[in-house]
Amino acid sequence: MVEPPQIRMANDIAAQFRHRPPAEAAGEVAEHIRLFWEERMRADLLAQVAAAPEGDDGIDPIVIDAAALLRADAPGPTA
Amino acid sequence: MSLAKQPDLGTPARPGEATVSVTIDGISVDVAPGTSVMRAAATAGVDVPKLCATDSLEPFGSCRLCLVEIDGAKGTPASCTTPVSDGMVVRTQTDKVAKLRRGVMELYISDHPLDCLTCSANGDCELQDMAGVTGLREVRYGSGVDAGANHLDAPKDTSNPYFTFDGSKCIVCSRCVRACDEVQGTIALTVDGRGFASKIAAGSDVGFFDSDCVSCGACVQACPTATLQENTVIELGVPTRSVETTCAYCGVGCSFRAELRGDELVRMVPSKTGGANEGHSCVKGRFAFGYASHPDRVLEPMVRDSLAEEFRPVSWDEAISFTARRLLEIQGEHGRGSIGAITSSRCTNEEVYVVQKLVRAAFGNNNVDTCARVCHSPTGYGLKQTFGTSAGTQDFKSVAASDVIVVIGANPTDGHPVFASRMKRRLREGAKLIVIDPRRIDLVRTPHIEATHHLQLAPGTNVAVVNAMAHVAVTEGLVDTEFVAERCEGYDEWAEVIARPENSPEALEEVTGVPAAELRAAARLYATGGNSAIYYGLGVTEHSQGSTMVMGMANLAMATGNIGRDGVGVNPLRGQNNVQGSCDMGSFPHELPGYRHVSDDGVREVYEQLWGTPILDEPGLRIPNMFDAALDGSFRALFVQGEDIAQSDPNITHVHAALAALDLLVVQDLFVNETAKFAHVLLPGTSFLEKDGTFTNAERRINRVRPLMAPKTGKQEWEIVSEIAQAMGYPMHYDDAAQIMDEIALTTPTFAGVSHAKLDEVGSVQWPCNDAAPDGTPIMHVDGFVRGKGRFMETTYVPTRERSTRRFPLILTTGRILTQYNVGAQTRRTANVAWHGEDVLEIHPHDAEVRGISDGDRVSLASRAGETTLRARIADRMPVGVVYTTFHHPVTRANVVTTEYSDWATNCPEYKVTAVQVALLTAPAEVEQTADQVPVAGG
């Protein structure tokens with residue numbers, strides 16, 4: 001199965017923080033995405049994570065946690 | 001009209017204060033210790049006759065024309081080789097030296113053709129000048145064939161496409177040989193034979209073309225006669241006027257005197273006063289300008305409603321209204337974010353600035369990106385995170401003060417040849433060299449230079465190597481603790497991680513392929529060898545951990561105190577002429593000019609007030625994101641300024657599909673490039689010979705680009721962009737490019753002191769240039785980092801997802817070569833194709849042998865993304881398991897095989913690691929080899 005671009009890129013970011021405690025890693029990933037991703041990309045990511053079946057091993061658990069953080073906060077990045 | 005010559009003081013300047021007083025022909029002058037009498041005289045306004053001396057070369061003392069008399073000294077010493085001493089009294093014009101000089105000139109002229117009136121150097125010949133200066137009126141020995149044995153039948157060497165060597169006119173002054181040795185550092189030329197049989201040779205029984213000569217032009221520039229002469233001068237005549245401008249090839253940003261006859265460019269001569277190049281050049285900047293007048297140039301705007309139609313030439317008004325109408329229609333139908341633009345690193349700062357303004361103010365979004373996305377965007381990210389700003393730390397001159405030079409993922413002798421010459425000069429003086437590269441690049445072993453360490457790492461393991469080097473510094477007590485304590489933050493956390501056993505050279509040897517002992521030795525040398533400087537290229541950035549590696553190098557420099565002074569630093573070697581500038585100008589979708597995030601209310605407010613429109617506070621799409629969005633249907637129109645994304649970007653099958661999916665593609669370019677084949681509007685661009693503006697090179701040096709001629713298209717590119725904005729209903733107007741720079745200075749703190757007037761006055765400045773640094777900033781982070789404290793960033797090594805497999809067992813890495821540039825749109829339209837007519841695949845002898853491949857065989861190159869064919873070159877500089885090619889020719893389609901993997905932080909493509917298979921082709925290649933063959937101009 002072809003990995004959707006947003007999932008691939010988010011997984012790549014998550015891989016950089018995998019050595020950190022999970023909550024901290026998710027925060028770093030969410031912050032990076034806030035700062036550098038366009039709005040529709042964030043929306044696509046959230047939709048794809050939401051649509052993924054539970055236990056989908058194609059999405060890094062850090063990404064799933066980061067998506068939850070992104071979903072929780074209001075739209076708009078911080079510098 | 002006559003051409004003003006560049007001043008020549010005869011011998012190079014010496015460092016130090018002017019503390020030595022001498023009197024020359026009654027004129028007192030103070031000069032630095034070690035200065036030659038000749039240079040002191042020239043400084044005092046006294047020209048001493050000379051032939052073998054020129055101020056770009058060390059004195060040689062062979063021509064005996066510069067003899068002078070010095071009070072208290074015996075004889076008539078050569079002024080070029082005689083250093084001044086305090087109180088020295090020199091006489092340059094006496095009967096005695098005049099007689100000697102005339103005698104010398106008689107001998108020269110007795111063996112020189114007397115064809116001055118028809119000679120190509122007539123009026124631009126130092127021998128001719130000296131005959132006049134010395135008052136030569138007769139040649140007692142006869143001249144020409146009457147003078148007995150002579151060299152008048154010496155053959156011409158016309159093998160080089162750009163210059164001719166005419167041995168009959170050679171006076172064997174050795175300036176060409178010394179220029180090749182001292183300036184270029186290739187050491188291709190020699191004086192063959194002795195005494196009367198002496199002659200200049202470019203190797204043993206080979207002409208210039210087949211020799212080691214790299215056609216930099218240093219010998220041609222140094223020649224005082226017509227012996228080494230540009231073919232364009234031979235064909236067109238001596239130039240009559242000149243314009244100072246900046247080269248439009250690589251990120252070195254060399255200054256040139258464009259010398260013309262009327263509006264016809266005759267030659268490009270490197271400017272001695274150019275801060276980046278100081279009188280040197282390479283084969284591209286010096287000679288490969290013919291593309292600018294190539295018949296392939298598109299000079300009229302063209303449009304078409306669909307890709308099925310042919311382009312039709314239209315007026316500028318129609319092209320601009322068509323473009324604006326379609327952009328508005330598409331936005332109306334698909335939303336504000338459905339359109340965007342890509343700026344060009346080949347265009348001026350002013351041209352780039354107006355495109356990002358078009359996007360932010362007229363499009364109303366931040367969907368603007370630049371081709372730096374695919375080269376140095378990790379540099380921007382990594383250096384901003386660690387140092388606080390997205391730029392290299394040094395000026396090029398700094399390398400002259402380096403004791404240890406580390407070259408990582410760069411091939412300067414091919415990619416940045418003029419800087420490489422500076423570097424090689426320092427290495428010949430004794431600086432140590434560490435090369436970190438999978439390939440044995442030329443610098444590893446070249447005349448008079450041998451790398452102390454070549455860490456031949458496996459592709460994709462840069463971060464592991466830099467972490468291991470840092471591990472050595474931290475665990476062996478090599479950290480500059482004082483520097484770290486005063487200037488940095490985050491050290492303890494970083495050091496704790498980096499000191500862990502898994503980061504040791506021994507633990508990582510299996511991953512990197514670098515012997516631990518060798519890596520330890522290299523790390524110790526870097527940390528303790530004096531001034532250590534890092535220079536890096538796309539072999540660092542174009543990886544899945546490109547940004548991490550940039551931060552890793554910054555960490556290493558901070559830990560060892562190699563930042564903030566002459567001779568040290570972390571220095572990206574930028575690919576294109578204005579990569580730095582295009583990034584500075586706000587081309588990234590998350591940053592306004594000056595690298596300030598779009599979410600910063602204060603920064604947005606500056607632009608909102610000036611531009612009179614709200615600025616979106618959300619990042620826009622990056623180039624790869626634009627392609628993905630084009631394929632999902634949410635991105636429908638793209639304006640591409642001077643880039644050939646259909647050839648240069650990775651996985652071009654994917655790129656082509658995205659471009660074909662657009663409702664509107666507008667391309668602004670010199671040629672109908674590969675991208676233009678998907679375009680609906682083609683807006684003809686201007687060459688650098690027509691542009692008016694500035695380029696910013698890799699050392700942050702802002703140089704003027706001055707027009708030699710009016711735009712062949714009738715409009716400057718910034719005018720076209722402004723008119724599109726206006727046609728879309730957004731008022732944008734500038735009277736000239738200087739006005740655009742004034743707006744940049746007004747809104748960008750690091751450019752606050754920059755204006756065209758200032759640049760015309762001082763030549764160039766390096767940003768930041770503002771009230772705090774009115775003369776610019778050659779070296780950054782001297783007293784403190786831009787962000788305050790330098791920040792250590794964690795750099796855990798994460799292997800790339802691209803792995804070699806049984807199906808694709810080799811790793812492909814891509815790059816460039818000396819004579820070609822990027823996608824070749826310019827250089828393929830010059831005589832440079834004589835050196836590189838096609839891209840080839842370099843492969844190690846073992847990998848070739850097991851596949852039955854011989855040198856020159858056509859082979860298939862396949863990855864999971866695609867397949868192409870090209871010719872193989874057996875090269876033992878490749879490691880086993882790694883192959884290499886360039887992407888200068890569209891027919892090669894090298895980027896068919898590169899993949900969608902990219903740097904985690906910036907989406908910079910992972911060009912440097914693609915798993916491939918190579919196989920001998922037994923059937924004819926499918927690709928038509930004539931597809932990109934274009935006629936050559938300017939040969």
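Residues numbered from 1 in each chain as written. Chains lettered and ligands numbered in written order. Predicted model: local features only at pLDDT ≥ 70, side-chain atom pairs only at ≥ 80, totals over all residues. Heavy atoms only, no water.

### Describing the overall build of chain A
Put simply, the rule reads: Under the DSSP-based scheme used, a helix requires at least four consecutive residues in state H or I and a strand at least two consecutive residues in state E, with every element numbered from the N terminus. Here, residues are in contact when the closest pair of their heavy atoms is within 4.5 Å. To measure how exposed things are, a 1.4 Å probe is used in the Shrake-Rupley method; for residues, cover is taken only from the protein chains shown. Only four residue types enter the tally: Lys and Arg on the positive side, Asp and Glu on the negative side; His and the chain ends are excluded. Each charge is placed at NZ for Lys, CZ for Arg, CG for Asp and CD for Glu.
On a plain count of helices and strands, chain A comes out with four helices and zero strands. What you see in chain A, going N to C, is helices and strands ordered as α-α-α-α. Its C-alpha atoms give chain A principal-axis dimensions of about 35 × 30 × 20 Å. If you take every contact in chain A between residues at least 6 apart in sequence, the share linking residues at least 24 apart comes to 68%. Carbon and sulfur atoms form 60% of the exposed surface of chain A, whose accessible area is close to 3,800 Å². Each charge sign in chain A was given a centre, from 7 positive and 14 negative side chains, and these centres are 4 Å apart.

### A short note on the overall build of chain B
Let me state the cut-off plainly: Both definitions apply: the radius of gyration is a C-alpha atom measure, and the globule rule equals 2.2 Å times residues to the power 0.38. Exposure is judged per residue with a 1.4 Å probe applied to protein chains only, and the accessible area is read against the type maximum: over 50% gives exposed, under 20% gives buried, and values in between give partly exposed.
Summing up its helical and strand segments, chain B has 28 helices and 39 strands in all. In terms of overall size, chain B behaves like a compact globule, its C-alpha atoms giving a radius of gyration of 29 Å where 939 residues would be expected to give roughly 30 Å. For chain B, the spread of C-alpha atoms along the principal axes amounts to about 85 × 70 × 65 Å. Sorting the 939 residues of chain B into buried and exposed places 65% on the buried side.

### Some words on empty space enclosed by the protein
All names here are of chain B. Condition: The method works on a 1 Å grid over the protein atoms by themselves. A cavity is a set of points holding a 1.4 Å probe that cannot get out, a pocket is an open set with protein on both sides within 12 Å along at least five of seven lines, and residues with an atom within 4 Å of a point line them. Grid points are joined across faces, edges and corners, and a volume is the space filled by probe spheres set on the points. Classification convention: Asp, Glu, Lys, Arg as charged; Ala, Val, Leu, Ile, Met, Phe, Trp, Tyr, Cys, Pro as nonpolar; all other residues, Gly among them, as polar. Domain start and end points were adopted from an automatic or database domain assignment.
Under the definition given, this model contains 10 cavities of 30 Å³ or more. Looking at the largest cavity, its volume works out to about 660 Å³. Along the wall of the largest cavity there are 39 residues; nearest its centre are L538, E542, T814, G815 and K912. Looking at the lining of the largest cavity, the elements that each hand over two or more residues are helix 18 (538-541) and strand 34 (810-815). Ranked by the residues each element gives to the lining of the largest cavity, the list is headed by strand 34, at three residues. Taken together, the residues that form the lining of the largest cavity break down as 15 nonpolar, 17 polar and seven charged. Each pocket or cavity is described by its volume, and for the second largest cavity that value is around 230 Å³. Two domains share the lining of the second largest cavity, each providing at least three of its residues, namely domain 2 (302-374 + 586-749) and domain 4 (810-920).

### Here we look at helix 13 (residues 462-475) of chain B
Residue and element names in this part refer to chain B. What counts here: Multiply 1.5 Å by the residue count of a helix minus one, and that product is the helix's expected span.
With 14 residues, helix 13 should reach 20 Å at 1.5 Å per residue; the first-to-last C-alpha distance of 20 Å fits that figure. Where burial is concerned, most of helix 13 is hidden: 13 out of the 14 residues are buried. The positive-phi residue at the C-terminal boundary of helix 13 is G477, with phi of around 70°.

### Points about the sheet that holds strand 9 (residues 228-230) of chain B
Residue and element names in this part refer to chain B. Rules: Two strands form a pair only when DSSP identifies at least two bridges running between them.
Strand order in the open sheet formed by three strands is 5-6-9, and the pairing between neighbours is antiparallel. Each having just a single partner strand, strand 5 (156-157) and strand 9 make up the two edges of the open sheet. With two bridges connecting them, strand 5 and strand 6 (residues 163-166) associate as antiparallel partners. Following the sheet pairing, K156 is matched in strand 6 by D166.

### Quick word on the sheet that holds strand 30 (residues 693-696) of chain B
Residue and element names in this part refer to chain B. Where we set the bar: The axes are straight lines fitted to the C-alpha atoms, using for helices just the contacting stretch, and the angles between their N-to-C directions are given from 0 to 180°.
With respect to topology, three strands assemble into an open sheet ordered 30-31-32, the strand pairing being antiparallel. The strands lining the two open edges of the sheet, one partner per strand, are strand 30 and strand 32 (764-766). Each strand axis lies, on average, 30° off the axis of its neighbour in the sheet, ignoring direction. Direction of pairing for strand 30 relative to strand 31 (residues 701-705): antiparallel, over a ladder of four bridges. In the sheet register, T696 faces strand 31, and the bridge partner there is I702. The strands touched by helix 9 (residues 349-363) are strand 30 and strand 31; relative to strand 30, the strand with the most contacts, the crossing angle is about 95°.

### A word on the interface of chain A and chain B
What counts is decided by this rule: Buried area, as used here, totals the accessible surface that two parts lose on assembly, with accessibility defined by a 1.4 Å probe and the loss added over both. We count a salt bridge whenever a side-chain nitrogen from Lys or Arg sits within 4 Å of a carboxyl oxygen from Asp or Glu. For the purposes of these results, a polar contact is taken to be a pair of N or O atoms within 3.5 Å, where, inside protein, one atom must be able to donate a hydrogen and its partner to accept one; residues adjacent in sequence count only when each atom of the pair is a side-chain atom.
On the chain B side, the residues contacting the 28 residues of chain A number 31 residues. Taken together, both faces of the contact between chain A and chain B bury some 2,300 Å²; the carbon and sulfur share is 51%. When the buried surface of chain A facing chain B is broken down by residue, A:Q16, A:F36 and A:R40 rank first, second and third, together holding 28% of it. Applying the counting criterion to the chain A and chain B interface returns four salt bridges. Here B:E618 makes a salt bridge to A:R42, at a shortest N to O gap of 3.0 Å. Scanning the region where chain A abuts chain B turns up 12 residue pairs in polar contact (both at pLDDT 80 or more).

### A word on the environment of A:E31
Tracing the backbone through its elements, the reader meets A:E31 in helix 2 (residues 22-36). The spacing of A:E31 and A:A66 is 35 residues in sequence and 8.5 Å in space, taken between C-alpha atoms.

### Digging into the pairing of strand 39 (residues 914-920) of chain B
When strand 34 of chain B meets strand 39 of chain B, the two strands line up antiparallel, connected through three bridges. Paired with B:L810 across the bridge in strand 39 of chain B is B:V916.

### Things to note about the packing of helix 2 of chain A against helix 4 (residues 61-72) of chain A
All names here are of chain A. Worth spelling out the cut-off: By definition in this entry, angles of less than 35 degrees are roughly parallel, angles greater than 145 are roughly antiparallel, angles of 65 to 115 are roughly perpendicular, and the rest are oblique. For a crossing to be left-handed, the near helix must be turned anticlockwise from the far one by less than a right angle; the clockwise case is right-handed.
Helix 4 packs onto helix 2 with a crossing angle of 60° between their chain directions and a minimal axis gap of 8 Å. The pairing of helix 2 with helix 4 is recorded here as oblique in orientation. Handedness of the helix 2/helix 4 crossing: right-handed. Of the residues in helix 4, those in contact with A25, A26, G27, V29, A30, I33 and R34 of helix 2 are I62, D65, A66, L69 and L70. A breakdown of the residues in the contact of helix 2 with helix 4 according to their chemical character gives nine nonpolar, one polar and two charged.

### A short note on the pattern of salt bridges
All names here are of chain B. Following the criterion strictly, the structure yields 61 salt bridges over all chains and no others. Across the salt bridge formed by E743 and K357, the nearest N and O atoms sit 3.1 Å from each other. Here E743, found in helix 26 (residues 737-747), pairs with K357, found in helix 9; they are 386 residues apart in sequence, far enough to count as distant. Here E743 falls in the buried class, since its relative accessible area comes to 12%. Two residues, E674 and K677, come together in a salt bridge whose shortest N-O distance is 2.9 Å. Since its relative accessible area comes to 22%, E674 is described here as partly exposed. The exposure class of K677 is partly exposed, given its relative accessible area of 47%. Shared partners join several salt bridges into a network, and the residues in it are D124, E230, R257, E259, R267 and R286.

### Describing the environment of B:F808
Residues and elements named next belong to chain B. Inspection of the secondary structure puts F808 in the loop between strand 33 (790-791) and strand 34. Residue class for F808 comes out buried when judged on its relative accessible area of 9%. Along the sequence, F808 and R864 sit 56 residues apart, while their C-alpha atoms lie 8.0 Å from each other. Contact partners of F808, with chain neighbours within four places excluded, come to A862, S863, R864, A915, V916 and Q917.

### Topic: the domain arrangement of chain B
Segmentation of chain B into domains returns domain 1 (9-93), domain 2 (302-374 + 586-749), domain 3 (377-434 + 465-572) and domain 4 (810-920). Relative placement of domain 1 of chain B and domain 4 of chain B: their C-alpha centres are 53 Å apart.

### Here's the deal with the nonpolar core
Residue and element names in this part refer to chain B. Which entries qualify depends on this criterion: Here, nonpolar core refers to any group of buried Ala, Val, Leu, Ile, Met, Phe, Trp, Tyr and Cys residues whose side-chain atoms link them within 4.5 Å.
If you look at the biggest cluster of nonpolar residues, it comprises 73 residues, and the most contacted ones within it are F208, L228, I405, M423 and L433. Among the elements that make up this core, the one with the highest residue count is helix 12 (residues 417-428) (four residues). Beyond its immediate chain neighbours, meaning those up to four positions away, M423 contacts V399, I405, V407, P412, L443 and Y535. Of all hydrophobic cores here, the second largest spans 63 residues; its members include V354, F588, L683 and I702.

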